[in-house]
Amino acid sequence: MNPRQVAEYMFDQDYFSQWMNIKMIEVKENYCLIEMPIKKEMINGLKTVHGGVTFAFADSALAFSSNNTGDAAVALNCIINFTKAGKEGDVFRAESMLVNDTRKTAVYDIKITNQNQEMIAKFVGTVYKIGKKVIEL
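Residues numbered from 1 in each chain as written. Predicted model: local features only at pLDDT ≥ 70, side-chain atom pairs only at ≥ 80, totals over all residues. Heavy atoms only, no water.

As recorded by an unreviewed UniProt entry, the protein chain carries the name Acyl-CoA thioesterase and is attributed to Chryseobacterium indoltheticum.

Given below as structure tokens:
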């Protein structure tokens with residue numbers, strides 16, 4: 001399977017990403033660009049996007065980019081910096097790219113922006129390669 005097919009295979013089983021209405025815009029080896037509309041259910045008590053939603057969106061980007069070679073990897077450590085509050089009606093984009101790769105781990109930078117290309121958050125995720133194929137899980 002090519003990277004897009006692997007990501008689509010994962011997405012078909014990822015009911016949380018489906019609930020978030022994530023759409024895959026571009027998928028290449030160790031890279032993805034995804035998009036998500038911000039809906040009312042994602043808003044917190046301060047009328048901004050709940051931080052957990054932003055984190056989960058970045059985590060989905062990490063999953064689709066770090067597994068799309070077909071070799072399974074799981075999050076080992078993730079750090080997020082929130083730079084701008086999102087609002088209902090926004091459209092978030094997450095771009096995930098590989099920045100470091102070793103035999104057992106890899107590090108990805110994920111940049112989340114809104115429809116105006118304003119930075120919403122910066123996420124760095126480290127994954128652990130578990131030694132299995134995505135389709136074996």
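That was the structure; now back to the text.
Glancing now at the environment of Ser-65. For Ser-65, the location among the structural elements is in helix H3 (residues 51–66). You can call Ser-65 buried: its relative accessible area is 0%. Ignoring any residue separated from it by four or fewer positions in sequence, one finds Ser-65 in contact with Asn-30, Tyr-31, Cys-32, Ser-96 and Tyr-108. Polar contacts involving the side chain of Ser-65 include one to the main-chain carbonyl oxygen of Ala-61, which spans 2.9 Å. (Helix = DSSP H or I, 4+ residues; strand = E, 2+ residues; numbered from the N terminus. Buried < 20%, exposed > 50% of the residue type's maximum accessible area, 1.4 Å probe, protein only. Contact = heavy atoms within 4.5 Å. Polar contact = N/O pair within 3.5 Å; in protein donor to acceptor, adjacent residues only side chain to side chain.)

The next point concerns the pattern of salt bridges. Going through the model one piece at a time under the given rule, you end up with 6 salt bridges. The shortest N-O distance in the salt bridge between Arg-93 and Glu-35 comes to 2.9 Å. Note that Arg-93 is positioned in strand S4 (residues 91–101) and Glu-35 in strand S2 (residues 31–37), a separation of 58 residues in sequence. According to the relative accessible area criterion, Glu-35 is partly exposed, its value standing at 22%. (Salt bridge = Lys/Arg side-chain N within 4 Å of Asp/Glu carboxyl O.)

So, on to the pairing of strand S1 (residues 23–28). With 5 bridges connecting them, S1 and S2 associate as antiparallel partners. The partner of Met-24 across the bridge, within S2, is Ile-34. (Pairing = 2+ DSSP bridges.)

The next point concerns the packing of aromatic side chains. In this structure the tally under the stated criterion is 4 aromatic pairs. Relative to Phe-123, the ring of Phe-55 has its centre 5.1 Å away and its plane inclined at 65°; by these criteria the two rings are edge-to-face. With a gap of 68 residues between them, Phe-55 in helix H3 and Phe-123 in strand S6 (residues 119–133) connect regions that are remote in the sequence. Residue classification places Phe-55 among the partly exposed positions, given a relative accessible area of 29%. Accessibility expressed as a relative area gives 0% for Phe-123, which makes it buried. For the cation-ring pair, Lys-28 lies above Tyr-31, with the distance from its terminal atom to the ring centre recorded as 4.8 Å. Here the guanidinium or amino end of Lys-39 rests over the ring plane of Trp-19, the centre of that ring lying 4.3 Å away. (Phe/Tyr/Trp six-rings, centres within 6.5 Å; stacked < 30°, edge-to-face > 60°. Lys NZ or Arg CZ within 6 Å of the ring centre and 35° of its normal.)

What follows covers the sheet that holds S4. In space, the 6 strands of this open sheet follow the order S1-S2-S4-S5-S6-S3, with antiparallel pairing throughout. On the outer flanks of this sheet lie S1 and strand S3 (71–82), each paired with one strand and no other. The average angle at which neighbouring strand axes cross in this sheet is 20°, direction not considered. Note: strand S5 (residues 105–113) against S6, 9 bridges, orientation antiparallel. Each bridged residue has a counterpart across the sheet, and for Ala-106 the counterpart in S6 is Val-127. (Axes fitted to C-alpha atoms, helices over the stretch in contact; angles between N-to-C directions.)

So, on to the state of the cysteines. One pass over the structure, following the stated rule, counts 0 disulfides. Among the cysteines around Cys-78, which has no disulfide bond, Cys-32 carries the closest sulfur, lying 13 Å off. (Disulfide = S-S within 2.5 Å.)

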